[in-house]
Amino acid sequence: MNQVDERGALPSLPAAFVWGVGTSAFQIEGEAEGRSDSIWDRFCAEPGRIADGSDGRIACEHVSHLEEDVELLRSLGVNAYRFSISWPRVMPSGRGELSGEGLDFYDRLVDGLLDAGIEPWATLYHWDLPVELQDDGGWLDRRTVDRFTDYALGMHAALGDRVRQWATLNEPWCSAWLGYGSGVHAPGFADHPSAVRAAHHLLLAHGRAVEALRSQAPADHQLGIVLNLFSFHTAPGVSEDRTQEVERVVRLLDGEQNRWFLDPLLLGSYPPDLLETFAPHLEGFVRDGDLRQIAAPLDYLGVNYYSDHFLLPASDGSQEQGEHSGLAGPGSYPGVGNVRWSDPGDEGTSMGWHITPEGLKALLLRIGRDYPGAPALVVMENGAAFHDPLPGPDGTVEDPRRGAYLTSHVESLIEAVAQGADVRGYFAWTLLDNFEWSQGYTQRFGLVRVEEGSLRRFPKRSFEVYRDLIARYRGGGGSGSSGGSL
Ligand code: IFM
């Protein structure tokens with residue numbers, strides 16, 4: 001890889017670079033009658049949980065629009081597609097036999113992708129735990145670890161003849177911290193010690209599944225996990241006498257968001273500086289050998305990156321506390337008080353997130369620096385929500401800010417690679433406007449608009465921007481169907 005040249009033009013990425021787009025089952029699939037309920041169905045039914053009172057029962061009806069959606073992927077020029085498997089669709093009670101009907105959908109998806117020259121990247125768990133397992137304790141109960149391992153092995157046995165790229169969990173921080181700590185995600189518990197316990201079982205489920213899959217998978221199968229990592233900073237302009245106190249919180253937030261997951265996965269231990277606070281929460285359920293299992297060697301680490309976060313002392317000025325989208329804010333982090341998130345206002349995305357492309361480069365370089373020997377990195381999610389206009393007369397949605405966001409982040413990634421980061425792929429988030437968890441359908445991240453009611457698909461201008469980015473930075477003169485795997 002060449003360095004950025006004198007004129008500032010960026011080099012291409014290697015021909016084998018993975019260019020993809022991602023989705024998740026609950027957010028797009030619909031056809032809820034074809035599966036059992038997940039914790040998200042139950043959560044959506046509780047009044048006040050979802051901003052617009054909506055749910056995932058119809059979503060984008062991806063199940064019945066499968067061919068059309070694969071055709072969209074083909075015209076986007078990606079060589080990889082990341083999807084998640086709905087556990088309650090393929091194993092309705094969360095245990096036991098796989099359902100033939102549920103598997104049939106993923107068979108058709110995988111075959112359609114391969115026919116289109118697109119490498120399937122499967123994620124086993126993107127938050128939709130079958131309710132029966134929740135009623136047995138969910139991620140607070142160690143038995144869920146074994147059930148996840150059985151499910152992972154079953155899915156790999158069913159699809160592993162065609163799917164070589166596997167991720168165990170998507171963003172365990174969200175499942176644990178938002179699902180059990182602040183309660184803004186399903187199952188909606190608000191108890192910080194429970195978040196720590198759930199996180200441990202999630203990590204253990206990941207490690208056990210990796211170990212089990214290794215013994216079953218051919219050598220060319222790649223196993224990873226996907227974390228949502230953010231960098232935190234003291235906001236510019238914080239007075240000198242308050243800086244120290246904000247810096248302390250910045251360090252704590254970094255610990256809870258990033259190191260609480262990176263350290264056990266890559267170093268085999270929880271971060272020592274957090275243990276003082278969290279050790280009591282770990283008592284009674286961490287067993288000998290757990291951390292060794294959690295640190296099972298990985299083929300790649302998936303990184304979801306959206307934004308850096310800037311902190312202010314709570315009592316400075318009159319801005320609102322930054323609960324934004326429910327994805328961040330002091331309430332989501334145990335022990336974090338006395339700060340608020342700086343609000344980017346109109347400069348940010350509609351989620352209230354700052355737009356910080358340089359943060360992606362810094363993060364990718366930091367992982368390599370702080371975790372020598374870390375596996376290859378793949379950016380598994382990156383994208384932005386904006387309030388888009390309606391489609392114009394030719395059906396195109398003009399969304400220049402999303403196009404600019406994607407461009408600046410892809411270019412930041414290229415700079416990181418030029419400076420030595422081992423990054424092998426990039427997946428834009430996301431193909432379709434979809435169910436954005438506690439925000440319902442009020443936030444749109446898609447490259448394609450999905451019209452409410454008719455569910456008609458309208459590619460946005462950013463769809464073309466991303467297609468052109470792939471063509472511009474794909475090295476080696478290959479076609480859209482080259483590469484796609486690690
Ligand atoms: O839509 C979500 C996705 O499911 C997980 N990562 C963040 C995205 C945007 O909020």
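Nothing here was measured: the structure is a model prediction, and the numbers come from that model.

Asks: What exactly am I supposed to notice about the overall build of the chain here?
Replies: Looking only at helices and strands, the chain has 15 helices and 13 strands in total. Here the C-alpha atoms of the chain give a radius of gyration of 21 Å, agreeing with the 23 Å that 2.2 N^0.38 yields for 486 residues. Overall, the C-alpha framework of the chain stretches about 60 × 60 × 45 Å when taken along its three principal axes. Expressed as a percentage of the 486 residues in the chain, the buried residues total 62%. In the chain, 78% of the contacts between residues at least 6 apart in sequence involve partners at least 24 apart. Accessible surface, the chain as shown: approximately 17,400 Å² in total, 49% of it carbon and sulfur.

Asks: Any chance you could explain the pairing of strand β3 (residues 119-125) here in plain terms?
Replies: Within a regular beta strand, the side chains point alternately toward one face of the sheet and then the other, so they alternate between its two faces. For β3, a buried count of seven out of seven residues is recorded, marking the element as mostly surrounded by other parts of the structure. Note: strand β2 (residues 80-84) against β3, five bridges, orientation parallel. Looking at β3, one finds that Phe83 is bridged to Ala122. Here β3 runs beside strand β4 (residues 165-170); their pairing, made up of four bridges, is parallel. The residue of β4 that forms the bridge with Thr123 is Ala167.

Asks: Is there a simple way to explain the sheet that holds strand β6 (residues 232-234) in this structure?
Replies: Two orientations exist for strands paired in a sheet by backbone hydrogen bonds: parallel and antiparallel. Read across the sheet, three strands follow the order β6-β8-β9 without closing on themselves; strand pairing throughout is mixed. Each edge of the sheet is formed by a strand with only one pairing partner; in this case those strands are β6 and β9 (339-341). Ignoring strand direction, the axes of neighbouring strands in this sheet form an average angle of 40°. As judged from the three bridges shared by β6 and strand β8 (residues 309-313), these two strands associate in the parallel manner. Looking at the pairing, His233 lines up with Phe310 of β8. Set on the sheet, helix α10 (residues 240-266) makes contact with β6, β8 and β9; between it and β6 the angle comes to about 180°.

Asks: I tried to follow the nonpolar core on my own but got confused; where do I start?
Replies: For soluble globular proteins, the rule of thumb is that nonpolar side chains tend to be buried together. In this structure, Trp40, Ile85, Trp177 and Tyr466 are the most contacted members of the largest nonpolar core, which totals 144 residues. Residue contributions to this core peak at 11 residues, all from helix α9 (residues 192-216). Excluding residues within four positions of it along the chain, Trp177 makes contact with Ser182, Ala195, Val196, Ala199, Glu256, Trp260, Phe261, Phe278, Ser332, Tyr333 and Pro334. Counting residues in hydrophobic clusters, the runner-up holds nine residues, among them Ala167, Val226, Met380 and Phe427.

Asks: Even after reading the chapter, I still don't get the packing of helix α14 (residues 400-418) against helix α15 (residues 461-473), so can you show me in this structure?
Replies: Relative orientation and spacing of two packed helices are given, respectively, by the angle between their axes and the distance between those axes. Where α14 meets α15, the axes come as close as 8 Å, and the angle between the chain directions of the two elements is 25°. What the angle tells us is that α14 and α15 run roughly parallel. When you trace α14 past α15, the crossing you get is right-handed. Each of Arg402, Gly403, Leu406, Thr407, Val410, Glu411 and Ile414 in α14 lies in contact with α15, whose residues at this interface are Ser462, Val465, Tyr466, Leu469, Arg472 and Tyr473.

Asks: For this particular structure, what's the right way to read the sheet that holds strand β11 (residues 423-429)?
Replies: In spatial order, the strands read β1-β2-β3-β4-β5-β7-β10-β11; together these eight strands close into a barrel with parallel pairing. Recorded for the sheet is a direction-independent mean angle of 25° between the axes of neighbouring strands. Pairing of strand β1 (residues 18-22) with β2, which is carried by three bridges, proceeds in the parallel orientation. Residue Val21 lies in a different strand from β2, and its bridge partner there is Tyr81. Packing against the sheet, helix α5 (residues 100-115) makes contact with β2 and β3, and its axis sits at approximately 170° to β2.

Asks: Explanation requested: the state of the cysteines in the structure shown.
Replies: Here a disulfide denotes a covalent bond joining the sulfur atom of one cysteine to the sulfur atom of another. Taken as a whole and assessed by the stated rule, the structure comprises zero disulfides. You can see Cys44 has no disulfide; the closest cysteine sulfur is in Cys60, sitting 14 Å from it. Cys60 sits in the buried class, given a relative accessible area of 1%.

Asks: For this particular structure, what's the right way to read the site of the ligand?
Replies: What surrounds the ligand is a group of 13 residues, the closest being Gln27, Glu171, Glu381, Glu436 and Trp437. Between the ligand and His126, the relevant distance is 2.8 Å, taken from an oxygen atom to a side-chain nitrogen or oxygen of the residue. Looking at the shell around the ligand, its residues break down into seven nonpolar, three polar and three charged.

What counts, and at which threshold
Residues numbered from 1 in each chain as written. Predicted model: local features only at pLDDT ≥ 70, side-chain atom pairs only at ≥ 80, totals over all residues. Heavy atoms only, no water. Helix = DSSP H or I, 4+ residues; strand = E, 2+ residues; numbered from the N terminus. Rg over C-alpha atoms; globule rule 2.2 N^0.38 Å. Buried < 20%, exposed > 50% of the residue type's maximum accessible area, 1.4 Å probe, protein only. Contact = heavy atoms within 4.5 Å. Areas by Shrake-Rupley, 256 points an atom, 1.4 Å probe, with all protein chains shown as cover. Pairing = 2+ DSSP bridges. Axes fitted to C-alpha atoms, helices over the stretch in contact; angles between N-to-C directions. Core = buried A, V, L, I, M, F, W, Y, C linked by side-chain atoms within 4.5 Å. Parallel < 35°, antiparallel > 145°, perpendicular 65-115°, else oblique. Left-handed = near helix turned anticlockwise from the far one by under 90°. Disulfide = S-S within 2.5 Å. Near = heavy atom within 4 Å. Polar contact = N/O pair within 3.5 Å; in protein donor to acceptor, adjacent residues only side chain to side chain. Nonpolar A, V, L, I, M, F, W, Y, C, P; charged D, E, K, R; others polar.

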